Amino acid sequence: MKQLPFVVLALFLFVLPAPVQTQAPVAETAAGSLTAADYERAEAFLSGNLNTRLFRASVSPDWRDGEHFVYRVRIPGGHEFIRVHAEQGSRERAFDHERLSAGLSRATDESYEALQLPFSSFDDVDDGRAVEVVVDGRLWRCDRTGYECVERERPETGPSGVSSPDGRYVAFRRDHDLWVFDREEGSSVQLTTDGEERYGYATDSQGWRTSNQPILLWSPDSRRIATYRLDERGVEEMHLLRTAEPRPQVESWPYALPGDTVVPMLERVVVDVEERSVVELDTPPDHQRTSSCCGLGRGAGWADVEWSADGETLAFVSTSRDYRTVTLRVADPGTGQVRTVLEESHPVFFESHAGGRGTPNWRVLHDRGEVLWFSQRDGWGHLFRYDLQSGELLGRVTGGNWNVLDVLEVDEAAGTLLFTGVGREPERDPYFTHLYRVALDGSGLRLLTPEDADHSVSLSPDGRFLVNTRSTVSLPPETVLRRTSDGEVVATLEVADMSELEALGWQPPEPFSTRGRDGVTQIFGLLIRPSDFDPERRYPIINAIYPGPQAGSVGTRSFSVSRRGQAHALAELGFVVVLVDGMGNAMRSKGFHTEYYGDMADNGLPDQKAAMRELARRYQWIDLDRVGIFGHSGGGFATAAALLHHPDFFHVGVAGAGNHDNRGYTYYWGEKWQGLLEETEDGDNYENQANHLFAENLVGRLLLTYGTMDSNVHPNTTLLLIDALIAANRDFDVMVFPNRGHGYSGEPYNLRITWDYFVRHLLGKEPPVGYRIGS
């Protein structure tokens, strides 16, 4: 059947008589229209366009051994490849770009420029005497002497999956069973035979996301695979209709909701690749949970699972359905025997990562017979040592009113560890990430990245060096090579070039802090002004919100050309844009993070209001009679909640793909942040967060958008809100994106209608007719 074109869009405008509704007025309107030139100017400030004007800002090291790595960096005119000798602190071009481009051009009969080579990575071969690159699916080997390029047979890599540590195997799923592709033999081997529909091996089916990639963890010796059999039998389904001709096509899949009695369960197994056998672990089925947000996978691995270095012991953490209790167990992968090491509970929810999402921060130290354990038991995220056999507490490793963020490396022999942390350095942004070294007995804590900035780090395979990029929201990135022993800078690798950004008139956001809802707690945010800012004017203010609770509106404290994709672009249209990390977000104290547990409709909005009011007292050019708000996903939920719960403050909102009632969103989300669904005298404990139950409160202008194939946040919760708004006789607008999933927020049409909505209803002007972004 022929599908309708992907660009088909529908606009439904409900203009209903509303005698009891008082539409929020635009207090200060300006006659006239914005022009196509105004929109073109704003378009230049979209994040994708701004990124093309920033050079030498990003370094992702590809370590070739303990002393050498290469990376690709954007420069004016294209990219170049750099090779670094860590011990010497030297850097140079990885190869002769001009001669290689000429060699490839000769061999392929194509024309390639030196700074626009048709590949993003390469391999060193023949002891460094040649390089191999893949161009349009063909493998070329180019010698470094004359740069003559010869096509080579490309080895078969097998299906998409998870590679074993030794590179021989690729694990993949087929027909509900687990297979491996043997690269040495060039053939596929079936490891399990009893997988069935809704009861398969290594299945990535989490309701809100599904894929055909297996979820598993290889043992270090590539002999075994730790995975699970996922029992989804009896789990109720979600359904979507794909727009097509002549009839729509239904898609259905298991999707558990809060309160469901039948939910997916994991049955843990270990698969022996050589023996082609399956060992079931002697432990009860686990809930589809991890001890840190979000989902079961972390990269190509499986979160909350860890092998010993010799592959003879498997450790794993089980998390209860209500997220309050976690249990560390160790298993014998040969026999399936399991024993419990320790258990911890928290009265709200347990997390093994202070950043909300990330790799769980526990490690089993087999050589020492200990466990490194993360806990927020005293209100902050810190590390503790336990005895691996008895489960008894041995001592504290870190402590204080700050958070450990990521455990990067543990050196058991030396008795030290490297970790990142936030909030420890006084008089600095508490969200700045720094790198530290500490002894496992808690002594000798040392700051290795002392600069007052946000730091990202990447360790060498042997742990002796690290690539460190430091920046702030206003200070462009500088990337250096350091020694991990003492943090000494070995070499400066790159200093970002933002001259083209400055030539455009781009200005960085301004960090600020205010007091939150309680008038005491310090909260932080960013303010973005138009590049032609005039302090004598009065500006409408727009809040770009993502409430978390696993993350916040601001996102990284590192340098970024724009926030939320379009914050700078909106400012160029004549607005002041703010992003505020209110209470309920991660990376602060546990009390800060759990502020509105059980009332997700809070969304940190009282803190957003408090911050905006304080900013308006500081700056007379902020007009609180014209307040807008927009967001996508959780930000869409928060945007609608802002207009429904705070109609006296928020006047115009654009809410995309919102989970407007978390009873209709994945159970892994609501049951963590709202609690288990329980009946009450008035209904249930989720009613306070259901936006459609507050539809009659709408006074301002609200644009709702959704994608009809959104398998993450199902459109049903938006339709419930639409239905309730109609029943309440409220005026509102809706845009439906046929056959779009969850990620349509950056589509040019969605951006344009967002701009139009704020320009018309908040700025009081008419937008240009039919402006096409990206034309």
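Refer to the structure presented above.
Residues numbered from 1 in each chain as written. Predicted model: local features only at pLDDT ≥ 70, side-chain atom pairs only at ≥ 80, totals over all residues. Heavy atoms only, no water.

Examining the overall build of the protein
Per the secondary structure count, the protein includes 11 helices and 51 strands. Out of the 775 residues in the protein, the part that is buried amounts to 56%. Here the protein displays about 30900 Å² of accessible surface, and carbon together with sulfur accounts for 46% of that area. (Helix = DSSP H or I, 4+ residues; strand = E, 2+ residues; numbered from the N terminus. Buried < 20%, exposed > 50% of the residue type's maximum accessible area, 1.4 Å probe, protein only. Areas by Shrake-Rupley, 256 points an atom, 1.4 Å probe, with all protein chains shown as cover.)

Topic: the packing of aromatic side chains
Counted by the stated rule, this structure contains 32 aromatic pairs. Residues Trp-253 and Tyr-255 carry aromatic rings whose centres are separated by 6.1 Å and whose planes lie at 75° to one another, so their mutual orientation is edge-to-face. For Trp-253, a relative accessible area of 11% corresponds to the buried category. When the ring of Tyr-665 is compared with that of Trp-669, the centres are 6.4 Å apart and the planes differ by 70°; the resulting orientation is edge-to-face. Aromatic rings pair up to connect Trp-208, Phe-349, Tyr-597, Tyr-665, Tyr-668, Trp-669 and Trp-673 into one cluster. We note Arg-529 situated over the ring of Phe-533; from NZ or CZ to the ring centre the distance is 4.5 Å. Across the ring face of Tyr-431, the terminal group of Arg-557 is positioned such that the distance to the ring centre comes to 3.8 Å. (Phe/Tyr/Trp six-rings, centres within 6.5 Å; stacked < 30°, edge-to-face > 60°. Lys NZ or Arg CZ within 6 Å of the ring centre and 35° of its normal.)

Some words on the sheet that holds strand β9 (residues 149–152)
Across a sheet, paired strands are connected by hydrogen bonds in the backbone, their directions being either parallel or antiparallel. The 4 strands lie next to each other as β6-β7-β8-β9, forming an open sheet whose pairing is antiparallel. Every interior strand has two partners, whereas the edge strands, β6 (123–125) and β9, have only one. Direction aside, neighbouring strands of the sheet carry axes that sit 35° apart on average. With 6 bridges connecting them, strand β7 (residues 130–135) and strand β8 (residues 138–143) associate as antiparallel partners. When the bridges of β8 are listed, Ala-130 appears paired with Asp-143. The sheet strands contacting helix α3 (residues 97–108) are β7, β8 and β9, and the helix crosses β8 at an angle near 130°. (Pairing = 2+ DSSP bridges. Axes fitted to C-alpha atoms, helices over the stretch in contact; angles between N-to-C directions. Contact = heavy atoms within 4.5 Å.)

Concerning empty space enclosed by the protein
To find the voids left in a structure, one rolls a probe of water-molecule size over its atoms. For the structure on display, the rule yields 7 cavities of 30 Å³ or more. Taken together, 15 residues make up the lining of the largest cavity; nearest its centre are Gln-288, Thr-290, Gly-295, Tyr-323 and Tyr-668. Counted by class, the lining of the largest cavity contains 8 nonpolar, 5 polar and 2 charged residues. The space that makes up the second largest cavity amounts to roughly 50 Å³. Lining the second largest cavity we find Pro-547, Gly-548, Pro-549, Tyr-596, Met-600, Asn-603, Gly-634, Phe-637, Asn-659 and Trp-669. Residue composition of the lining of the second largest cavity, grouped by class: 6 nonpolar, 4 polar and no charged. (1 Å grid on protein atoms, 1.4 Å probe; cavity = no way out; pocket = protein on both sides within 12 Å on 5 of 7 lines; lining within 4 Å. Points joined across faces, edges and corners; volume = space filled by probe spheres on them. Nonpolar A, V, L, I, M, F, W, Y, C, P; charged D, E, K, R; others polar.)

Side note on helix α1 (residues 36–43)
Buried residues of α1: Tyr-39, Ala-42 and Glu-43, and no others. With its buried residues spanning 100° around the axis, α1 presents them on a single face. The outward face of α1, more than 90 degrees from its buried face, is lined by the exposed residues Ala-37 and Glu-40. On its buried side, α1 packs onto α2 (47–51), α5 (567–572) and α11 (748–763). (Arc of directions from axis to C-beta.)

What about the pattern of salt bridges?
Tallying each qualifying case throughout the model produces 59 salt bridges. A salt bridge links Arg-168 to Asp-182; its shortest N-O distance comes to 2.8 Å. In this pair, Arg-168 sits in the loop between β10 (162–163) and β11 (169–174) while Asp-182 sits in strand β12 (residues 177–182), placing the two residues 14 residues apart along the sequence. You can call Asp-182 buried: its relative accessible area is 5%. Note that Arg-618 is salt-bridged to Glu-614, the shortest N-O span being 2.9 Å. Pair noted here: Arg-618 and Glu-614 are both in helix α7 (residues 605–618), with a separation of 4 residues, about one helical turn. By relative accessible area, Glu-614 is classed as buried at 18%. (Salt bridge = Lys/Arg side-chain N within 4 Å of Asp/Glu carboxyl O.)

Description of α3
Because an α-helix completes one turn every 3.6 residues, residues spaced three or four positions apart along the sequence face the same direction. The end-to-end C-alpha distance of α3, which contains 12 residues, comes to 16 Å, matching closely the 16 Å that a straight helix rising 1.5 Å per residue would cover. The secondary structure elements touched by the buried residues of α3 are β4 (78–85), β5 (90–93), β7, β8 and β9. One or two steps after α3, the chain reaches Asp-109, where phi turns positive at roughly 60°. (Expected span 1.5 Å × (residues − 1).)

Focus: the nonpolar core
Counting residues in hydrophobic clusters, the biggest one holds 90 residues, and the most contacted among them are Leu-573, Phe-650, Trp-755 and Phe-758. Core analysis: the second largest hydrophobic core is formed by 20 residues, Tyr-255, Tyr-668, Trp-673 and Val-713 among them. (Core = buried A, V, L, I, M, F, W, Y, C linked by side-chain atoms within 4.5 Å.)

Structural notes on the state of the cysteines
Taken as a whole and assessed by the stated rule, the structure comprises 2 disulfides. Here Cys-142 engages in a disulfide with Cys-149; their sulfurs sit 2.2 Å apart. In this structure the cystine formed by Cys-142 and Cys-149 twists about its S-S bond by roughly 110°; its chirality is therefore right-handed. Classification of Cys-142 as buried rests on a relative accessible area of 0%. For Cys-293, the disulfide goes to Cys-294, at an S-S distance of 1.6 Å. Where Cys-293 bonds to Cys-294 through sulfur, the torsion about that S-S bond is close to 80°, and the disulfide is right-handed. With its bonded cysteines labelled in order along the sequence, the protein shows the pairing 1-2, 3-4. (Disulfide = S-S within 2.5 Å.)

Some details on the sheet that holds strand β35 (residues 416–422)
As summarised here, the arrangement of the 4 strands in space is β34-β35-β36-β37, forming an open sheet in which the pairing is antiparallel. The sheet is open, and its two edges are formed by β34 (403–411) and β37 (446–447), each paired on a single side.

A closer look at the environment of Ser-633
Checked against the element boundaries, Ser-633 lands in the loop between β46 (622–632) and α8 (634–645). Taking C-alpha positions, Ser-633 is 36 Å from Pro-76, a pair spaced 557 residues apart along the chain. In this structure, Ser-633 is in contact with Gly-656, Ala-657, Gly-658, Asn-659, Val-713 and His-742, ignoring residues within four places of it in sequence. There is a polar contact of 2.9 Å between the side chain of Ser-633 and the side chain of His-742. (Polar contact = N/O pair within 3.5 Å; in protein donor to acceptor, adjacent residues only side chain to side chain.)

Some remarks on the side chain of Gln-288
You can see Gln-288 is positioned in the loop between β23 (286–287) and β24 (297–298). When its relative accessible area of 6% is taken as the criterion, Gln-288 is described as buried. Only 2.8 Å separates the side chain of Gln-288 from the backbone oxygen of Ser-205, close enough to count as a polar contact.

What about the environment of Leu-241?
The residue Leu-241 is located in strand β19 (residues 237–242) in this model. Look at Leu-241 and you get partly exposed, because its relative accessible area is 48%. Between the alpha carbons of Leu-241 and Met-709 there is a distance of 6.9 Å; along the sequence they are 468 residues apart. Once residues within four sequence positions are removed from consideration, Leu-241 is found in contact with Pro-248, Gln-249, Val-250, Thr-708 and Met-709.

Focus: unusual backbone geometry
Of the consecutive residues Glu-245 and Pro-246, the connecting peptide bond is found in the cis state with omega at -5°. Summarising the element assignment, Pro-246 is placed in the loop between β19 and β20 (249–254).

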